[in-house]
Amino acid sequence: MSRGAVWREDVSLRPLTTYKVGGTARYYARATSTEDIGALVTSAPAAITVLGRGSNVVIADRGIPGAVLHVAGGDIAMSGASVVADAGVPLSRLARETVNEGRRGLEFMVGIPGSVGGAVVMNAGCHGRETRERLVGARLLDLDTATVADRSPEELAMGYRSSNVTERQIVIDATFHTRPGKADAATAELRRITAWRRRSQPGGSLNAGSVFKNPPEDSAGRLIDVTGLKGLRIGGAEVSAKHANFIVAADEARADDVWRLVWAVRRRVAEAFGVVLEPELRFFGEFEPCADREAV
Ligand code: EPU
């Protein structure tokens, strides 16, 4: 077991998410391997919430009263076309390492800030590509039965930014298929995706990617933009002027600011277009009641 894989009390989660907001975990431990996950689940002092790279979550200011299992880091093993990555491996690292080893197909992941586990749960995607297209299968630990099972993309019911993985399941690792390819062309693709993101998304700021899923046949960013909400601000949270489906947080922002702005945006878009946007962001912990949320 790795050294960090012990339960600690009252640990701030703020540095562990891309928003850098939120409170503490009553109990916290970091797992970097399958072995760590198994041992920490067995010794968990309270109900477990799984945190990956924290690139798609808002942690409540009041924190999380239970046990936060932080699945971060791990190994990548390549054999022929098959690539097995631990759940905590960052997707950008997976993209770069497979390219460096002459394998193609995972380049799109360089544009996604999450980790392998989150990509399976959310069927993360970028540039018209989705995780399920490259996924052979994932291993899931079921917290209720303490069993590990292999699941194919079909069994995971992976849809647009969704799957059937529940909060009582932990992704342990995932296997992807790749194809052989020249590193030069793949590296150029990595550069193209990275440059596109810099141009069209508010990189460098505190954000968690797209706030809402795109509604069928439309784009959340477009709807929020034409509703005139770019620059709308609550406390330290603001609808990005660069891309309307991003909410950026100032250094002094609170989780509650992001929370209230999400529901204010949803309400205003629903009033303008009759479209009820569904958050892609996930909220962990207990938030204050919010009138805009109840109104839709
Ligand atoms: N648009 C506007 N105003 C804006 C932003 C966008 O009019 O302020 C319009 C754009 O002009 C474009 C359309 O909305 O016509 C779609 O925008 P964009 O191409 O930026 O893509 P998106 O649908 O907003 C999706 C993913 C991103 C992913 C990009 C690139 C979702 C919810 N988002 O964004 O994923 O990086 O495509 O592939 O599906 C994420 O999931 O966190 C994420 C960042």
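Details of the structure are given in the entry above.
In this report, we go over the structure that sits alongside the text.

1. A look at the site of the ligand
Neighbouring residues of the ligand: 20 residues in total, closest H127, Y160, N214, D225 and H243. At 2.8 Å from an oxygen atom of the ligand is found a main-chain nitrogen or oxygen belonging to S210. In this structure, S219 approaches the ligand through a side-chain N or O atom, which is 2.8 Å from an oxygen atom. For the ligand, whose free accessible area comes to 820 Å², the fraction covered by protein is 72%. Top contributing element to the shell around the ligand by residue count: helix 6 (residues 220-226), with three residues.

2. Some remarks on the pattern of salt bridges
Here the structure, examined in full by the defined rule, presents 22 salt bridges. With a closest N to O distance of 2.9 Å, R26 and E9 form a salt bridge. Of this pair, R26 sits in strand 2 (residues 24-31) while E9 sits in strand 1 (residues 8-12), and the two are 17 residues apart along the sequence. What you see here is one network of salt bridges that share partners, running through E9, D10 and R26.

Conventions used here
- Residues numbered from 1 in each chain as written.
- Predicted model: local features only at pLDDT ≥ 70, side-chain atom pairs only at ≥ 80, totals over all residues.
- Heavy atoms only, no water.
- Near = heavy atom within 4 Å.
- Polar contact = N/O pair within 3.5 Å; in protein donor to acceptor, adjacent residues only side chain to side chain.
- Areas by Shrake-Rupley, 256 points an atom, 1.4 Å probe, with all protein chains shown as cover.
- Helix = DSSP H or I, 4+ residues; strand = E, 2+ residues; numbered from the N terminus.
- Salt bridge = Lys/Arg side-chain N within 4 Å of Asp/Glu carboxyl O.

Treat this as a map of the structure, not an account of what it does.
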